Amino acid sequence: MDVYLVGGAVRDELLNRRVTERDWVVVGATPEEMLAKGFEQVGKDFPVFLHPKTKEEYALARTERKSGSGYTGFVCYAAPDVTLEQDLIRRDLTVNAIAKDNDGNLIDPYHGVRDLNSRILRHVSEAFSEDPLRVFRVARFAARYAHLGFKVAEETLSLMRNMADSGELAHLTAERVWKETIRALGENNPEVYFQVLERAEALNDWFPELIASLKNSDSRLERAVSAKASDDIRWALLFANTSAEGTETLCKRVKAPNKYAQLAMLVSRFSKAFTPSNTADDWLKLCNQCDAWRKPERFTDFITACTLINDNADISSSLATPLHETVKEASKLSAKAFVEQGLRGPQIGEAMNLARRDIFEKRFRLDLFS
Ligand SMILES: Nc1ccn([C@@H]2O[C@H](COP(=O)(O)OP(=O)(O)OP(=O)(O)O)[C@@H](O)[C@H]2O)c(=O)n1
Ligand SMILES: [Mg+2]
């Protein structure tokens, strides 16, 4: 049997990027031989094995053909007579279809190295369209490598357009779309992910609510990257111009985990209330609306998001620190002190609100309007 390094590891090594995981392809072997060598079979649909020591993935060379809709509609053929070239041709991009043998020789029948050097993300063959997730993968790779000058090939974009047009993207699971999207948001140019999807007319099934405000999101995401904002903040920034209803619908559709959905909801509902002209009362109201006392970290993220939305980012970012500090101070107030003063029931809440208001009033007179 022959073993080759393939996929992301070869690509990233050629780009002088850190290689985080290595995928291998095995030509000329049967599952029985792999098991006899101590490999552990993991793939249910595909013959994929884990190396007994390194736990890296070793897949038997295979061909794939689509037999229906969605992720499960595959006929997979893996046998010792499947060649490396046959395995590589069913892969998504030429830059992902370069193999490297044990001696360090590159096997590159589909000219991945040429495309790597000319900074092109190009599909290998028509087999690209057999997996609709690839539309999102290409957009994610574009977001990851945009700063190196990579562009999606026109013919690949038009293939992606056909795939979107065929309705196939709707058959993907929310989990897979979410995973690509949140990974893309963590890349250097997350805005490119949505730009590519827009050009591929691939936003209708999963992200229709974002189409109208995409242009506004670009600069926000760029600022978020400069500020090294976390991925939940980046996600939330997409919703500054989306209605609460649209935001909720989209978050449900892609099954965004709670922390992402909640922050997105806050941004969609309340980011407009974050303005430098706010009075102490306005800030207090905003804190109450955002449940800042019970969820201080989430409120902190909300503030960060707001400073990245605001077109006048300088002014709004100078608000962030005093606001953080004020909220922190005000959330230290405990009901206990008021109970000891003899207050009962709703009186306690009212008194706490007044005390918080005092803290805001003092701080905001001192720091913000001086
Ligand atoms: N939908 C997919 C998923 C994977 N692959 C192929 O399988 C390889 C490994 O997949 P994966 O680990 O998901 O991607 P990487 O290219 O390694 O990229 P990453 O850095 O994101 O891991 C890819 O390079 C590609 O050749 C594919 O053709 N189509
Ligand atoms: Mg990989």
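Residues numbered from 1 in each chain as written. Chains lettered and ligands numbered in written order. Predicted model: local features only at pLDDT ≥ 70, side-chain atom pairs only at ≥ 80, totals over all residues.

Going by an unreviewed UniProt entry, the protein chain carries the name CCA-adding enzyme and comes from Alteromonas confluentis. For the record of the protein chain, the UniProt heading Cofactor (unreviewed entry) holds the text "Mg(2+)". Its UniProt record gives the protein chain a comment under Sequence similarities (unreviewed entry), which states: "Belongs to the tRNA nucleotidyltransferase/poly(A) polymerase family. Bacterial CCA-adding enzyme type 2 subfamily." (UniProt positions renumbered as here; feature names shortened; annotations may be inferred.)

Peer 1: Any chance you could explain the overall build of the protein chain here in plain terms?
Peer 2: When its secondary structure is counted, the protein chain shows 17 helices and 11 strands. Taken over the C-alpha atoms alone, the protein chain extends approximately 85 × 45 × 40 Å along its principal axes. Within the protein chain, the fraction of its 370 residues that count as buried is 39%. A separation of at least 24 residues holds for 64% of the contacts in the protein chain among residues at least 6 apart in sequence. (Helix = DSSP H or I, 4+ residues; strand = E, 2+ residues; numbered from the N terminus. Buried ≥ 20, exposed ≤ 12 C-beta atoms within 10 Å, placed from the backbone. Contact = placed C-beta atoms within 7 Å.)

Peer 1: How do you make sense of the UniProt feature "binding site: Mg(2+)" (unreviewed entry) in the protein chain when you look at a structure like this?
Peer 2: Under the UniProt annotation, the feature "binding site: Mg(2+)" (unreviewed entry) is placed at E21 and D23. Checked against the element boundaries, E21 lands in the loop between α1 (8-14) and β2 (23-27). When the 10 C-beta atoms within 10 Å are taken as the criterion, E21 is described as exposed. As for its position among the elements, D23 is in strand β2. With 17 C-beta atoms counted inside 10 Å, the residue D23 sits in the partly exposed group. Aside from chain neighbours lying at most four places away, what touches D23 is V6, G7, G8, A9 and E57.

Peer 1: What is the right way to read the site of ligand 1 from this model?
Peer 2: Around ligand 1, the neighbouring residues are G7, G8, E21, D23, R91, D92, N96, A97, D131, L133, R134 and R137. For the shell around ligand 1, the leading source of residues is helix α5 (residues 133-145), giving three residues. When its residues are assigned to classes, the shell around ligand 1 shows two nonpolar, three polar and seven charged. (Near = placed C-beta within 6 Å. Nonpolar A, V, L, I, M, F, W, Y, C, P; charged D, E, K, R; others polar.)

Peer 1: What is the right way to read the UniProt feature "binding site: ATP" (unreviewed entry) in the protein chain from this model?
Peer 2: Under the present numbering, the feature "binding site: ATP" (unreviewed entry) in UniProt falls on G8, R11, R91, R137 and R140. Relative to the elements of secondary structure, G8 occurs in helix α1. Among the residues examined, G8 registers 17 C-beta atoms within 10 Å and is labelled partly exposed. Beyond its immediate sequence surroundings of up to four residues, G8 is in contact with E21, D23 and N96. You can see R140 is positioned in helix α5. For R140, a count of 24 C-beta atoms within 10 Å translates into the label buried.

Peer 1: Would you explain the nonpolar core in this entry?
Peer 2: A general feature of soluble globular proteins is that nonpolar side chains tend to end up buried together. V135, V138, A139, A142, L237, V267 and A305 are the most contacted members of the largest nonpolar core, which totals 100 residues. Of all the elements, α5 adds the most residues to this core, at eight residues. In contact with V267, other than residues within four places in its own chain, are A236, L237, F239, A240, F302 and A305. (Core = buried A, V, L, I, M, F, W, Y, C linked by C-beta atoms within 7 Å.)

Peer 1: Looking at this model, I keep getting lost on helix α14 (residues 296-309). Mind explaining?
Peer 2: Each turn of an α-helix holds 3.6 residues, which means side chains three or four residues apart point in the same direction. The terminal C-alpha atoms of α14, which comprises 14 residues, lie 20 Å apart, in line with the 20 Å expected from a rise of 1.5 Å per residue. Along α14, 10 of the 14 residues are buried, which leaves the element largely enclosed by surrounding structure. For α14, every residue scored as buried is listed here: F299, D301, F302, I303, T304, A305, C306, T307, L308 and I309. Where the residues of α14 are buried, they touch α9 (214-226), α10 (231-237), α12 (258-270), α13 (280-289) and α15 (313-331). (Expected span 1.5 Å × (residues − 1).)

Peer 1: Where do I start with the sheet that holds strand β9 (residues 106-107) in this structure?
Peer 2: Each strand in a sheet pairs with its neighbour through backbone hydrogen bonds, running either in the same direction (parallel) or in the opposite one (antiparallel). With mixed pairing, seven strands are arranged side by side in an open sheet as β3-β4-β5-β2-β1-β8-β9. Each edge of the sheet is formed by a strand with only one pairing partner; in this case those strands are β3 (40-41) and β9. Pairing of strand β1 (residues 2-6) with β2 involves five bridges; the strand directions are antiparallel. Note on β2: the bridge partner recorded for Y4 is V25. (Pairing = 2+ DSSP bridges.)

Peer 1: Can you help me understand the packing of helix α8 (residues 190-199) against α9 in this one?
Peer 2: Their axes nearest at 8 Å, the elements α8 and α9 cross at an angle of 155 degrees. Accordingly, the angle class assigned to the pair α8 and α9 is roughly antiparallel. Every residue of α9 that contacts α8 at P190, E191, F194 and E198 is listed here: L214, S217, D218, L221, E222 and V225. Partitioning the contact of α8 with α9 into residue classes produces five nonpolar, one polar and four charged. (Axes fitted to C-alpha atoms, helices over the stretch in contact; angles between N-to-C directions. Parallel < 35°, antiparallel > 145°, perpendicular 65-115°, else oblique.)

Peer 1: Looking at this structure, how should I read the packing of α5 against α8?
Peer 2: The geometry of a pair of packed helices is captured by two quantities: the angle between their axes and the separation between those axes. α8 packs onto α5 with a crossing angle of 140 degrees between their chain directions and a minimal axis gap of 7 Å. Overall, the two elements α5 and α8 adopt an arrangement that is oblique. Handedness of the crossing formed by α5 with α8: right-handed. Residues V138, A139, R140, A142 and A143 of α5 form the contact with α8, whose participating residues are P190, V192, Y193, V196 and L197. (Left-handed = near helix turned anticlockwise from the far one by under 90°.)

Peer 1: How do you make sense of the environment of D218 when you look at a structure like this?
Peer 2: Tracing the chain through its elements places D218 in helix α9. For D218, a count of 15 C-beta atoms within 10 Å puts it in the partly exposed group. Along the primary structure D218 and P190 are separated by 28 residues, whereas in three dimensions their C-alpha atoms are 8.4 Å apart.

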